[in-house]
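The primary structure of each chain is shown beneath.
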Amino acid sequence: MDYSLTSSDLIVGVKTLGAELCSIKGVSSGVEYVWQANPADWGRHAPILFPIVGKLKGDSYEYKGKTYHLPQHGFARDQPFTLLESTTSKLFFGLTSNDKLKLVYPFDFSLSVTYELSGNSLRISYAVKNPGTDPLLYSVGAHPAFRIPVHPKANRSDYEIIFEKEEAVAVHLIDGGLLSGKTEPLSLEQNRLAISDSLFDKDALVFKGLASKKLSLAKAGEAPFLNFYFDAPYFGIWSKSGTSQFVCLEPWNGIADSVNHNQALEKKEGIRSLASGATETFGFAVEIAG
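Residues numbered from 1 in each chain as written. Predicted model: local features only at pLDDT ≥ 70, side-chain atom pairs only at ≥ 80, totals over all residues. Heavy atoms only, no water.

1. A closer look at the packing of aromatic side chains
Okay, so step 1: Taken as a whole and assessed by the stated rule, the structure comprises 24 aromatic pairs.
Okay, so step 2: An angle of 20 degrees between the planes, with centres 5.4 Å apart, marks the rings of Y61 and Y68 as stacked. Take Y61 and Y68: they sit in the same class, and that class is buried.
Okay, so step 3: Members of the aromatic cluster, joined through ring pairs, are F50, Y63, F75, Y105, F107, F109 and Y138. (Phe/Tyr/Trp six-rings, centres within 6.5 Å; stacked < 30°, edge-to-face > 60°. Buried < 20%, exposed > 50% of the residue type's maximum accessible area, 1.4 Å probe, protein only.)

2. A short note on the pairing of strand β1 (residues 3-6)
Okay, so step 1: Looking at chain direction, β1 and strand β2 (residues 10-14) are connected through four bridges and run antiparallel. In the strand pairing of β2, L5 is matched with V12.
Okay, so step 2: Hairpin geometry of β1 and β2 is characterised by an intervening segment of three residues between the two adjacent antiparallel strands. (Pairing = 2+ DSSP bridges. Helix = DSSP H or I, 4+ residues; strand = E, 2+ residues; numbered from the N terminus.)

3. Observations regarding the sheet that holds β1
Okay, so step 1: Ordered by their spatial adjacency, three strands build an open sheet running β1-β2-β3, and the pairing between neighbours is antiparallel. Each edge of the open sheet carries a strand with a single partner, namely β1 and β3 (21-26). The sheet shows a mean angle of 15 degrees between the axes of neighbouring strands, taken without regard to direction.
Okay, so step 2: Bridge count for β2 against β3 is five bridges, and the pairing is antiparallel. Across the sheet, residue L10 finds its bridge partner in β3, namely G26. (Axes fitted to C-alpha atoms, helices over the stretch in contact; angles between N-to-C directions.)

4. Quick look at the environment of G30
Okay, so step 1: As for its position among the elements, G30 is in the loop between β3 and β4 (48-49).
Okay, so step 2: For G30, a relative accessible area of 42% gives the class partly exposed.
Okay, so step 3: Taking C-alpha positions, G30 is 9.1 Å from L10, a pair spaced 20 residues apart along the chain.

5. A closer look at the layout of surface pockets
Okay, so step 1: Size it by volume and the largest pocket reaches roughly 340 Å³.
Okay, so step 2: Taken together, 20 residues line the largest pocket, and the ones lying closest to its centre are Q72, H73, H143, D203 and A204.
Okay, so step 3: Each residue belonging to the lining of the largest pocket can be placed in one class, and the counts come to ten nonpolar, five polar and five charged.
Okay, so step 4: Computed from the structure, the second largest pocket encloses a volume of approximately 250 Å³.
Okay, so step 5: Taken together, 17 residues form the lining of the second largest pocket, with E184, L186, L193, L199 and L205 sitting closest to its centre.
Okay, so step 6: At the level of elements, β15 (170-175), β16 (178-185) and β17 (192-194) are the ones that each hand at least two residues to the lining of the second largest pocket. (1 Å grid on protein atoms, 1.4 Å probe; cavity = no way out; pocket = protein on both sides within 12 Å on 5 of 7 lines; lining within 4 Å. Points joined across faces, edges and corners; volume = space filled by probe spheres on them. Nonpolar A, V, L, I, M, F, W, Y, C, P; charged D, E, K, R; others polar.)

6. Some words on empty space enclosed by the protein
Okay, so step 1: Applying the stated criterion to the full structure yields one cavity of 30 Å³ or more.
Okay, so step 2: Estimates place the volume of the largest cavity at around 40 Å³.
Okay, so step 3: Considering the residues around the largest cavity, the lining is formed by L21, A46, P47, Y115, I124, Y126, A142, H143, P144 and F284.
Okay, so step 4: A per-class count over the lining of the largest cavity returns nine nonpolar, one polar and no charged.

What follows is the structure, given as structure tokens:
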């Protein structure tokens, strides 16, 4: 980690590269709750998704008659951010447009990321500002990975995700990283989703319009050890298929292209249009409950 925050309950670590959260550790327990980026499974901790969320059809989009190329989830996760402010409870990072980034994303932008730690709760917020004259077309999302198991002698399949409310939504299926247009029902038992070894055989679980604003991670039969608070139009849950020892809880305000998208950026589902001089914020919070 490059920077850290410490409270009575937690020690939080953040990297300059991608302004990426890389650690949430209990002070008294010493338990690490963030996936430690083992490259054999998945070599990231909690990347920031900007200026797109998910994959573009053909890894490209069209804007004002030109074609541009962006990798899945955009470029912010691989850019060095600047630390703009640091206090005992807050870290504030920034990334702005430059000539190199404009080769793939021809917009003026300012993206800031704030980490605020209080007791056993960490709040992460993103602010996107349009300093240019044209509307800023963008999406932003989070991709934090949490370690499971965190209990001795446990397996990932011993854990479950608890939804705050009953959900009547379907899972939107992925085909080659794109939305296929097909759905299948979500099977919950008393608002609980078991993290079986086969849960991610078809890629991420993608949702639109969840009623829940909180998800919890728990060992089956026990109280939650982590609560995740969010307010987002789209949400993803992902891990590697099999027995990888993490699960990602991903609030998004954008989403991957569909297989039938015409690749026009302004017609992309979930794309946001930010007026000149305007700022929008988005974020989530993690509470360590046990």
